[in-house]
Amino acid sequence: MTFTIPIDNGDAVKIAEAESQRTLYPYVTGTSIVAIKYKDGVLMASDMGGSYGSTLRYKNIERMQAIGKHSLLGASGEISDFQEILRYLDELTLNDNMWDDGNSLGPKEIHNYLTRVMYNRRNKFNPLWNTLVLGGVKNGKSYLGMVSMIGVSFEDDHVATGFGNHLARPILRDEWHADMSFEDGVKLLEKCMRVLLYRDRSAINKLQIAKITEEGVTVSQPYSLKTFWEFSSFHNPTAGAEGSW
Amino acid sequence: MSQTAVDVPPKGGFSFDLCKRNDMLTQKGLKAPSFLKTGTTIVGLIFKDGVILGADTRATEGPIVADKNCEKIHYMAPNIYCCGAGTAADTEAVTDMVSSQLRLHRYQTGRDSRVITALTLLKKHLFSYQGHVSAALVLGGVDITGPHLHTIYPHGSTDTLPFATMGSGSLAAMSVFEAKYKEGLTRDEGIKLVAEAICSGIFNDLGSGSNVDICVITKGNKEYLRNYMEPNPRTYVSSKGYSFTKKTEVLLTKITPLLERVEITEVGEAMEE
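Residues numbered from 1 in each chain as written. Chains lettered and ligands numbered in written order. Predicted model: local features only at pLDDT ≥ 70, side-chain atom pairs only at ≥ 80, totals over all residues. Heavy atoms only, no water.

1. Topic: the interface of chain A and chain B
Interfaces are frequently sized by the accessible area removed from exposure as the parts join. The interface is formed by 25 residues belonging to chain A together with 23 residues belonging to chain B. Of the roughly 1900 Å² buried at the junction of chain A and chain B (both faces included), carbon and sulfur atoms supply 58%. In this structure, the salt-bridge partner of B:Lys180 is A:Glu175, at a minimum N-O distance of 3.3 Å. For the pair chain A and chain B, the number of links is 5 residue pairs in polar contact (both at pLDDT 80 or more). Listing elements by their share of the side of chain A that touches chain B, those giving two or more residues are helix H3 (164-175), helix H4 (182-199) and helix H5 (232-235) of chain A. For the side of chain A that touches chain B, the element with the highest residue contribution is H3(A), accounting for 7 residues. Split into classes, the residues belonging to the side of chain A that touches chain B amount to 11 nonpolar, 7 polar and 7 charged. (Contact = heavy atoms within 4.5 Å. Buried area = accessible area lost by both parts, 1.4 Å probe. Salt bridge = Lys/Arg side-chain N within 4 Å of Asp/Glu carboxyl O. Polar contact = N/O pair within 3.5 Å; in protein donor to acceptor, adjacent residues only side chain to side chain. Helix = DSSP H or I, 4+ residues; strand = E, 2+ residues; numbered from the N terminus. Nonpolar A, V, L, I, M, F, W, Y, C, P; charged D, E, K, R; others polar.)

2. A closer look at the packing of aromatic side chains
In total, this model carries 11 aromatic pairs over all chains according to the counting rule given. Residues A:Phe228 and A:Phe231 carry aromatic rings whose centres are separated by 5.1 Å and whose planes lie at 90 degrees to one another, so their mutual orientation is edge-to-face. For A:Phe228, a relative accessible area of 43% corresponds to the partly exposed category. With 5.8 Å between their ring centres and 75 degrees between their planes, B:Phe163 and B:Phe177 make a pair best called edge-to-face. Within this pair, whereas B:Phe163 is found in strand S10 (residues 163-166), its partner B:Phe177 is found in helix H4 (residues 170-180), the two being separated by 14 residues in sequence. Of the two residues, B:Phe163 and B:Phe177, both sit in the buried class. In this structure an aromatic cluster arises from ring pairing among A:Phe228, A:Phe231, A:Phe234, B:Phe163, B:Phe177 and B:Tyr181. Its end group placed over the ring of A:Phe182, A:Lys211 keeps NZ or CZ at 5.2 Å from the ring centre. (Phe/Tyr/Trp six-rings, centres within 6.5 Å; stacked < 30°, edge-to-face > 60°. Buried < 20%, exposed > 50% of the residue type's maximum accessible area, 1.4 Å probe, protein only. Lys NZ or Arg CZ within 6 Å of the ring centre and 35° of its normal.)

3. Details of the sheet that holds strand S5 (residues 41-47) of chain A
Two strands in a sheet stick together by hydrogen bonds in their backbones, pointing the same way (parallel) or opposite ways (antiparallel). Residues and elements named next belong to chain A. Across the sheet, 5 strands lie side by side as S13-S4-S5-S14-S15; this open sheet has antiparallel pairing. Of all the strands in the sheet, the pair left with one neighbour each is strand S13 (158-160) and strand S15 (216-219). The average undirected angle you get between the axes of adjacent strands in this sheet is 10 degrees. Across the sheet, H3 is in contact with strand S4 (33-38) and S13; its angle to S13 comes to roughly 160 degrees. (Pairing = 2+ DSSP bridges. Axes fitted to C-alpha atoms, helices over the stretch in contact; angles between N-to-C directions.)

4. Some details on the side chain of B:Asn211
All names here are of chain B. Here asparagine 211 shows up in the loop between helix H5 (187-204) and strand S11 (212-218). The class for asparagine 211 is buried, based on a relative accessible area of 8%. If we ignore the near neighbours within four places in the chain, the residues touching asparagine 211 are Ala55, Asp56, Thr57, Asn69, Ile202, Asn227, Met229, Glu230 and Pro231.

5. Here we look at the sheet that holds strand S9 (residues 158-160) of chain B
All names here are of chain B. With antiparallel pairing, the 5 strands of this open sheet are ordered in space as S5-S6-S7-S8-S9. The open sheet has two free edges, formed respectively by strand S5 (73-77) and S9, since each of these has just one partner strand. On average, adjacent strands in this sheet sit at an angle of 25 degrees to one another, irrespective of strand direction. Taken together, the 3 bridges between strand S8 (residues 146-152) and S9 define a ladder with antiparallel strand orientation. Each bridged residue has a counterpart across the sheet, and for threonine 151 the counterpart in S9 is aspartate 159. Lying over the sheet, helix H2 (residues 88-109) contacts S5, strand S6 (80-86) and strand S7 (135-143), oriented at roughly 20 degrees with respect to S5.

6. As for H4(A)
For H4(A), which comprises 18 residues, the first-to-last C-alpha distance of 26 Å matches the rise-based estimate of 26 Å (1.5 Å per residue) to within 8%. For H4(A), the full list of buried residues reads A:Gly185, A:Val186, A:Leu188, A:Leu189, A:Glu190, A:Cys192, A:Met193, A:Val195, A:Leu196, A:Leu197 and A:Tyr198. Tucked into the core, H4(A) has its buried residues touching S4, S5, H3 and strand S14 (207-213) of chain A together with H4 of chain B. (Expected span 1.5 Å × (residues − 1).)

Shown next as structure tokens:
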């Protein structure tokens with residue numbers, strides 16, 4: 001809050017801010033991210049929607065970005081905080097490049113950096129309102145981890161954020177196995193994204209799948225999933241039960 | 001002039017008289033008594049010949065498992081069953097009440113009960129209590145008009161669906177249904193899918209656990225498969241059982257015969273007129 005107090009000569013002067021400005025609620029949010037490790041690296045899927053409360057405001061937001069040569073960062077939650085994090089990581093990679101010694105930040109290092117940043121912001125009661133998914137491959141080893149807005153961070157074979165926690169995790173726990181092929185991995189991710197499309201109100205039918213392998217990052221073009229609405233009981237559901245939905 | 005107080009018969013619905021007093025008490029620091037919730041996964045789906053209902057068997061009281069093997073699939077009529085999630089007492093009471101009403105109705109009409117009758121009775125009751133009766137139900141059955149599956153929410157709204165899930169594990173179970181349900185499933189496929197959905201709830205939701213109950217209702221026939229699957233057995237039971245150490249010896253064997261019981265029947269006097 002800023003106070004203005006009129007002084008004798010009539011000018012208003014902004015005095016100290018009574019309370020530091022801190023994040024209270026998110027405004028433009030992205031919904032879930034689902035990611036799995038597969039044979040050659042990591043596959044990550046997200047849709048391209050940015051909701052402004054209950055309005056689907058933006059339909060072309062890329063919530064997955066390549067970081068350096070070895071990592072891919074996906075974020076759900078506040079989009080502006082995600083852009084801020086990308087700026088921080090830009091500085092990091094820039095610093096790296098300036099050294100020009102052939103070293104580059106791997107996914108583990110970036111994950112650690114993000115964990116520290118998120119946790120420290122949370123301790124100041126000014127969090128970056130995101131759940132981040134960090135995937136990458138360096139020196140043949142694939143890595144997949146997650147950091148939440150309160151600083152909870154861990155590594156796993158398959159992760160999901162937001163609604164994906166409730167809808168996609170059960171499917172992943174059941175059907176993920178080590179060394180999946182690319183096609184199987186994409187099919188599994190599409191299965192999860194389809195359920196999310198049916199049951200998450202902030203999901204849209206425009207998704208991207210990103211792949212990261214030893215060679216680098218490729219983010220697919222946006223595409224949409226086929227949905228099925230032709231159940232016979234959907235045609236006239238309340239035929240026998242007037243007053244029902 | 002006489003002043004007579006007219007006794008108005010009590011109207012139905014929730015009496016909000018004590019709400020102010022409860023508010024005052026909670027403000028003063030009294031913790032409301034926690035109630036037994038079922039924190040549940042319940043599902044139903046329509047298959048080729050009828051309806052399959054499934055439920056887990058864990059009843060929770062806050063963070064504690066109060067009943068490891070409770071029954072959440074309640075009998076409503078020979079051809080109608082109802083799974084209940086929410087407060088255990090509410091689901092029990094509401095389903096029992098409607099089940100009795102259905103039976104009386106069957107006696108009066110001489111016909112088999114219809115699922116929509118149970119639906120209307122339940123939703124009327126729940127709506128009149130404005131959501132305070134915390135019962136979320138999956139009602140399924142097969143009657144003369146065919147198989148039906150409905151969900152009923154605590155506030156009294158209902159849905160008619162080909163597949164439905166309720167309870168805290170509903171998202172985990174729904175993800176299985178959305179991914180794998182198709183129309184015209186056979187009995188075995190349907191049971192397998194329902195068991196999978198309940199297991200998804202059991203293993204991915206903390207409020208659900210223990211075993212899987214399944215109920216298959218078809219035209220003229222029903223099968224209540226209690227504990228159809230037990231995916232959480234006690235694995236570390238000691239195989240030796242209890243054994244006493246070698247040093248125990250029998251000190252004394254004494255048999256005391258009990259006295260025979262003698263019954264005295266007094267011949268009473270006849271009652272006075």
